[in-house]
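Architecture at a glance
Next come the chains, spelled out residue by residue.
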Amino acid sequence: MLTSAIKLERLTKTFNKTVVVNELNLNIPCGAIFGFLGPNGAGKSTTIRMMVGLTMPDHGNVLLMGKSIQSDPLAVKSMIGVVPDEMALFEYLTIEEHLDLIRSVFDIEEEAYRLRSVQLLELFSLNVEKGKLARNCSYGMKKKLSLAMALLPNPRILILDEPFEGLDPIMCILLKRALKRAAAQGTTVFLTTHLLHSVSDFIEQFGIIRSGTLVKTGSISTLAHEGLTLEDTYIREFEVPENARLEWLG
Amino acid sequence: MARLKPILRYARMIDQRAYAIKRSSAEKGVEILIGFAIATALFRQFETIAMAPVLIRLSAARLLILELVAAWVLLPSIAPVTIPVRLLAFYPLTWKQKVVYRVASILQHWRVFAIIVLSLLSVAVLVRLPHPAVVISKAVAALVIAASVGIGCAIVLPGFRIVRDRRATNGAIPKSHKYPLLRKEIRCYLRTLDFYFALSISLFAALSEFYGNWLSPAKAIVPLLIIALLHIPAFLNPFGLEDSSQLDRYLLTPKPYSLLLATKHMALAILFLVSTLPLDVSLAYQMHFLQISTMAMETCTVVTSCLIVGISLMNKPHAQEIKMDAGKISGSNMSFLFVMQVAVLVAAIPLCEGVTTLYAGGLGNFLIPSGILCAATATYLWLLRKQTWPASRTNNSKT
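Residues numbered from 1 in each chain as written. Chains lettered and ligands numbered in written order. Predicted model: local features only at pLDDT ≥ 70, side-chain atom pairs only at ≥ 80, totals over all residues. Heavy atoms only, no water.

Here we take up the overall build of chain B. Of the regular secondary structure elements, chain B holds 18 helices and 2 strands. When each of the 399 residues of chain B is scored for burial, the buried share is 46%. Sequence separation of at least 24 residues holds for 80% of the intrachain contacts in chain B that already meet a minimum separation of 6. Surface summary for chain B: the accessible area is close to 20,100 Å², and the carbon and sulfur share equals 71%. (Helix = DSSP H or I, 4+ residues; strand = E, 2+ residues; numbered from the N terminus. Buried < 20%, exposed > 50% of the residue type's maximum accessible area, 1.4 Å probe, protein only. Contact = heavy atoms within 4.5 Å. Areas by Shrake-Rupley, 256 points an atom, 1.4 Å probe, with all protein chains shown as cover.)

What follows covers the sheet that holds strand E8 (residues 188-193) of chain A. All names here are of chain A. Strand order across the open sheet formed by 6 strands is E6-E7-E8-E3-E9-E10, with mixed pairing between neighbours. Every interior strand has two partners, whereas the edge strands, strand E6 (80-83) and strand E10 (213-219), have only one. Geometrically, the sheet is characterised by an average inter-axis angle of 15° between neighbouring strands, direction not taken into account. The sheet contact formed by E6 and strand E7 (residues 157-161) spans 4 bridges and is parallel. Paired with Ile80 across the two strands is Ile157, which belongs to E7. Lying over the sheet, helix H5 (residues 139-151) contacts E6 and E7, oriented at roughly 170° with respect to E6. Against the sheet, helix H6 (residues 169-184) contacts strand E3 (33-37), E7 and E8, and its axis sits at roughly 125° relative to E3. (Pairing = 2+ DSSP bridges. Axes fitted to C-alpha atoms, helices over the stretch in contact; angles between N-to-C directions.)

Our next topic: the interface of chain B and chain A. Contacts between chain B and chain A engage 39 residues on the former and 51 residues on the latter. Taking both partners together, chain B and chain A bury about 4,100 Å²; carbon and sulfur atoms supply 56% of that area. Our enumeration of links across chain B and chain A arrives at 3 salt bridges. A salt bridge links Glu97 of chain A to Arg187 of chain B; the nearest nitrogen and oxygen atoms lie 2.6 Å apart. Summed over the shared surface of chain B and chain A, the number is 9 residue pairs in polar contact (both at pLDDT 80 or more). Among the elements of the structure, helix H9 (180-190), helix H12 (244-252) and helix H18 (391-394) of chain B are those that each provide at least two residues to the side of chain B that touches chain A. The biggest single contributor to the side of chain B that touches chain A is H12 of chain B, with 8 residues. (Buried area = accessible area lost by both parts, 1.4 Å probe. Salt bridge = Lys/Arg side-chain N within 4 Å of Asp/Glu carboxyl O. Polar contact = N/O pair within 3.5 Å; in protein donor to acceptor, adjacent residues only side chain to side chain.)

A few words on the pairing of strand E2 (residues 18-29) of chain A. All names here are of chain A. Relative to E2, strand E1 (residues 4-15) runs antiparallel, the two sharing 8 bridges. Residue pairing across strands places Ile6 opposite Ile28, the latter belonging to E2. Taken together, E1 and the strand that follows it, E2, pair antiparallel across an intervening segment of 2 residues, in which Asn16 is found at a positive phi of about 50°.

Bringing the packing of aromatic side chains into the picture now. For the structure on display, the rule yields 9 aromatic pairs over all chains. Taking the centre distance of 5.9 Å and the plane angle of 20° together, the rings of Phe239 of chain B and Tyr257 of chain B count as stacked. Separated by 18 residues along the polypeptide, Phe239 of chain B in the loop between helix H11 (221-236) and H12 and Tyr257 of chain B in helix H13 (residues 257-284) bring together distant segments of the chain. According to the relative accessible area criterion, Tyr257 of chain B is buried, its value standing at 5%. Grouped by ring-pair contacts, the aromatic residues Phe90 of chain A together with Phe239, Tyr250 and Tyr257 of chain B constitute a single cluster. The ring of Phe164 of chain A carries Lys176 of chain A above its face, with NZ or CZ at 5.9 Å from the centroid. (Phe/Tyr/Trp six-rings, centres within 6.5 Å; stacked < 30°, edge-to-face > 60°. Lys NZ or Arg CZ within 6 Å of the ring centre and 35° of its normal.)

Next comes the structure, spelled out in structure tokens:
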């Protein structure tokens, strides 16, 4: 039986002689909610891009549900739902047409599509504006559409880059509930975020990346056992600079 | 006026810089080819107005004025303003300064200068018609109105929008369509003005076929070639309208690259055939069945040839930089190979015509084009089958 949903082996990527991701190893079991944390430019998004096949790693392997993204990309892509960092929407398609496009490329049956799309539009409060072009949508609406597109095929792995960014608090709660329900059914959730306080009660496992290197992994339950919070653990890994000198401000 | 001078200078500087970056030798080459074809057609029309019998002169004059009116109305595509309205709004300019900037930015374009000269020439040549005063006054009025509309549109329109938001509907189940990917691609291409430019050329060529006598079916290859050239940026870089984020969406789909590319090509072929339809219909009007079939096959061969040129060049980094834009071919560092391909295409036409003439009168007229079409289709399918995503598109930096 397959226990590992996401397996990264010595994943490395270099841009212009700068090592962005360095020998990254990760093993995430099926049904886990994993938070991939780190500051801006640490290599989170690049890792995600390599995981989903948007960027080719210099070396190393990405195995999703036991299949390699490099050698069998189509099979892997049919099992994953992704919210990329720039959301990847087509400007001149409406919200409704985006969902229709996903139905077509993921070969979702008509009955299932109707049920799921209605529920997703309702969940993300997009049903009134479903005729709106993506180019005219606000950042929050684009994010919600991108999330709906990732959830629509009911994938076995959800890979979400900053899913809570741009969402209002109520929407964050609803999304967390939906993701928890999916995880309970066996879907693996891999997400990145900067909002530590809002995910500390939600994620089960975490990894902290700094300058392309994975510096800490663990589970929230272990932290709780040690009397630590996610924020404490995160701050320990980084030097917090002194207050910026902005005497002129104000 | 003194206050406007720095704005005019700034507008000129920005436009010159933008064009210096965008234009390359290959683009200039293509532009010269198109310009040469248009100039030849216009020369024939001026010649007809000056020399031909009165009835033909009248038809030619009407056609010429119609073309110039269309050129003025299509000004936003012919002379695109390089700085968009929303960027202009960023600067602390008064609305008068903004209007002056936009008008100056449009009028300094050489194409606009060429249209002004042609308009003046066309008005002058109308002296050759009966009742010149009446005809000239009507023509001047039409041109002034068209120029006002064109300049107004160029000032006001930040971009040419075909697709608008659908009316909001409450509670209904989202609609599903057949072939949503193909629909998306067609809509995507309909955003460009190149298609409308090609369609207008086709329409005017068709009109001249019905009402003029200067365009024989054999010469119809000239407008067909201009239309093909207008479509070439799209054939060469079918993903040219997508930014890096939208390319990501294609990369995330669990469909093979060849299928995505074939869908894009199908959308392009449909639009190519639609844009040449008026011309095809007007030519078919004068032909019998065998000739119509031959012409249809020749048109399909042109489409397939364009696709083969595109597919064989699209993996080159330079070809990926070609963007479809409003009525022009743009992109930096276009390969010289592209110009060579166009030159070969142009050179091949009389050659093919010569070979066909050898078999004129028999089934050869039908068999040769069908053989060429079959060979072209087989080549296209073979090239499509071995297509993979260009490495540069799966290996770019996050930005």
